[in-house]
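Below, each chain spelled out in residue letters.
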Amino acid sequence: MSLFPKKNLIWIFDSVVPSKYISKLRKYAMFSGHDIATRGRLSHYGCDDRKAFAKQLAAIRTETELLLEDIEAYHIYMAVKRTQKVPGDIAEVGVYMGGSAKIICSAKGDKALHLFDTFEGLPKVDEIDMVWPFYEGKFAASFDDVKDYLKHDTNVHFYKGIFPDTSGPVQDKKFSMVNLDVDCYESTKLSLEFFYPRMNAGGIILSHDYMTAPGVKKAFDDFFEGKAEPVLETAGSQCLVVKV
């Protein structure tokens, strides 16, 4: 029996697996069509809030597919929680099956959450993006299923289609937190061009795949090269920027 019985299967390895083996597995995945994700453990340090979040996250993982390390999920949660004092709405571009949106809802309070996704997978993949491999249509999810999953969360708004073509209803909004998980250069660049001027001071733009998707990294590095804000690498594959 093969260790990798079929392509495009997501293998999740605990953080206790030595990094040198994870690296070899990632290289294998790159050439065989598999996806490999690690799940970085969230240390509690006696913090009740972290313990509670760990239980919440475990529940979400039983409800839907969540392609985030535990520590990455916690970064989203804390970014939403710590920007409660910043005025503005919250947005996510790249919703997939709704797991990260569920995390946002658990911390957003009464703030509006705007969710943007094609729900048909990646709309465009440039040469720089073909690393996992990404391809047009990858990460497709059912729009109706995601809406149903989040139906009990209030003040959540859905926009189906290619962003920023779907941005009309929020053109005049200001934002306190934006979560990006769009995987590719062009989508990341267009998202930054739209949201950056609409972020209130102290607002956070958080992105997945900064360390693993060359297109995402290039889009952030190019966009912020001449701006005051530094791009901060976080644990896992994310980066964040705090608007000054």
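Residues numbered from 1 in each chain as written. Predicted model: local features only at pLDDT ≥ 70, side-chain atom pairs only at ≥ 80, totals over all residues. Heavy atoms only, no water.

(A) Representation of the overall build of the protein chain in the model. Per the secondary structure count, the protein chain includes seven helices and nine strands. The 244 residues of the protein chain split such that 50% are buried. For the protein chain, the proportion of contacts with a sequence separation of at least 24, taken over those separated by at least 6, is 71%. For the protein chain, the accessible surface area stands at approximately 11800 Å², while carbon and sulfur atoms represent 54% of it. (Helix = DSSP H or I, 4+ residues; strand = E, 2+ residues; numbered from the N terminus. Buried < 20%, exposed > 50% of the residue type's maximum accessible area, 1.4 Å probe, protein only. Contact = heavy atoms within 4.5 Å. Areas by Shrake-Rupley, 256 points an atom, 1.4 Å probe, with all protein chains shown as cover.)

(B) Structural context of the sheet that holds strand E9 (residues 239-242). If you walk across this open sheet you meet the seven strands as E5-E4-E3-E6-E7-E9-E8, and the pairing is mixed. Of all the strands in the sheet, just strand E5 (156-160) and strand E8 (232-233) have a single pairing partner and so form its edges. Alignment of strand E6 (residues 175-180) against strand E7 (residues 199-207), held across five bridges, turns out to be parallel. Residue pairing in the sheet places Leu-180 in a bridge with Ser-207 of E7. The strands touched by helix H3 (residues 70-82) are strand E3 (89-93), E6 and E7; relative to E6, the strand with the most contacts, the crossing angle is about 170 degrees. Those strands touched by helix H6 (residues 185-195) are E3, strand E4 (113-117), E6 and E7, and its axis lies near 180 degrees from that of E6. (Pairing = 2+ DSSP bridges. Axes fitted to C-alpha atoms, helices over the stretch in contact; angles between N-to-C directions.)

(C) Summary view of helix H2 (residues 48-63). Here H2 contains 16 residues, and its C-alpha end-to-end distance of 23 Å stays within 8% of the 22 Å for a straight helix at 1.5 Å per residue. Regarding H2, the residues found buried are Phe-53, Leu-57, Ile-60 and Arg-61. Taken down its axis, H2 places every buried residue within 95 degrees of arc, on the same side. Seen from the buried face of H2, the exposed residues on the opposite side, beyond 90 degrees, are Asp-48, Lys-55 and Thr-62. (Expected span 1.5 Å × (residues − 1). Arc of directions from axis to C-beta.)

(D) Expanded view of the packing of aromatic side chains. Under the criterion given, the structure shown has 18 aromatic pairs. Relative to Phe-158, the ring of Phe-143 has its centre 6.1 Å away and its plane inclined at 80 degrees; by these criteria the two rings are edge-to-face. Here Phe-143, found in helix H5 (residues 143-149), pairs with Phe-158, found in strand E5; they are 15 residues apart in sequence, far enough to count as distant. Ring geometry for Phe-163 versus Phe-194: centroids 5.2 Å apart, planes at 85 degrees, classification edge-to-face. Taken together, the residues Phe-163 in the loop between E5 and E6 and Phe-194 in helix H6 connect sequence positions 31 residues apart. Take Phe-194: its relative accessible area is 7%, and that puts it in the buried class. Taken together, Phe-116, Tyr-159, Phe-163, Phe-175, Phe-194 and Phe-195 form an aromatic cluster joined through their ring pairs. Over the aromatic face of Tyr-196 sits the side chain of Lys-227, whose NZ or CZ is 5.5 Å from the ring centroid. (Phe/Tyr/Trp six-rings, centres within 6.5 Å; stacked < 30°, edge-to-face > 60°. Lys NZ or Arg CZ within 6 Å of the ring centre and 35° of its normal.)

(E) Highlighting H3. If you check H3, its first and last C-alpha atoms are 18 Å apart, about what 13 residues at 1.5 Å a residue would give, namely 18 Å. Taken together, the buried positions of H3 are Asp-70, Ile-71, Glu-72, Ala-73, Tyr-74, Ile-76, Tyr-77, Met-78, Ala-79 and Val-80.

(F) Quick look at the pairing of E6. Of all six residues that make up E6, six are buried, and the element is covered over most of its length. Pairing analysis gives five bridges linking E3 to E6, with the strands arranged parallel. Its bridge partner being in E6, Ile-90 is matched across the sheet by Met-177. Regarding the hand of the β-α-β motif, the stretch spanning E6, H6 and E7 is right-handed. (Right-handed = clockwise from strand over helix to strand, strands pointing away.)

(G) Region of interest: the confidence of the model for the protein chain. For the protein chain, per-residue confidence averages 87 on the pLDDT scale, and 83% of positions sit at 70 or higher. Within the model, the stretch residues 1-20 combines pLDDT values under 50 with 37 contacts to residues more than four positions away or in other chains. (pLDDT = per-residue confidence, 0-100.)

(H) Focus on the side chain of Asp-129. Structurally, the position occupied by Asp-129 is in the loop between E4 and H5. One buried charged residue, Asp-129, remains without a salt bridge, the closest side chain of opposite sign being Lys-124 at 8.0 Å. At a separation of 2.9 Å, a polar atom in the side chain of Asp-129 contacts the main-chain amide nitrogen of Tyr-185. Residues contacting Asp-129, with those up to four places away along its chain left out, are Phe-134, Asp-183, Cys-184, Tyr-185 and Gly-215. (Lys, Arg positive; Asp, Glu negative; His and termini not counted. Salt bridge = Lys/Arg side-chain N within 4 Å of Asp/Glu carboxyl O. Polar contact = N/O pair within 3.5 Å; in protein donor to acceptor, adjacent residues only side chain to side chain.)

(I) Quick look at the nonpolar core. Ranked by size, the top nonpolar core spans 32 residues in total, and within it Phe-53, Tyr-77, Ile-103, Leu-113, Leu-115 and Met-177 carry the most contacts. Put simply, the parts of the chain that give this core at least two residues each are H2, H3, helix H4 (99-105), E4, H5 and E7. The dominant element in this core, judged by the number of residues it contributes, is H3, at eight residues. When near neighbours in sequence (up to four residues on either side) are disregarded, Tyr-77 contacts Asp-49, Phe-53, Ile-103, Ser-106 and Ala-107. With 30 residues, the next largest nonpolar core counts Phe-163, Tyr-196, Val-216 and Phe-224 among its residues. (Core = buried A, V, L, I, M, F, W, Y, C linked by side-chain atoms within 4.5 Å.)

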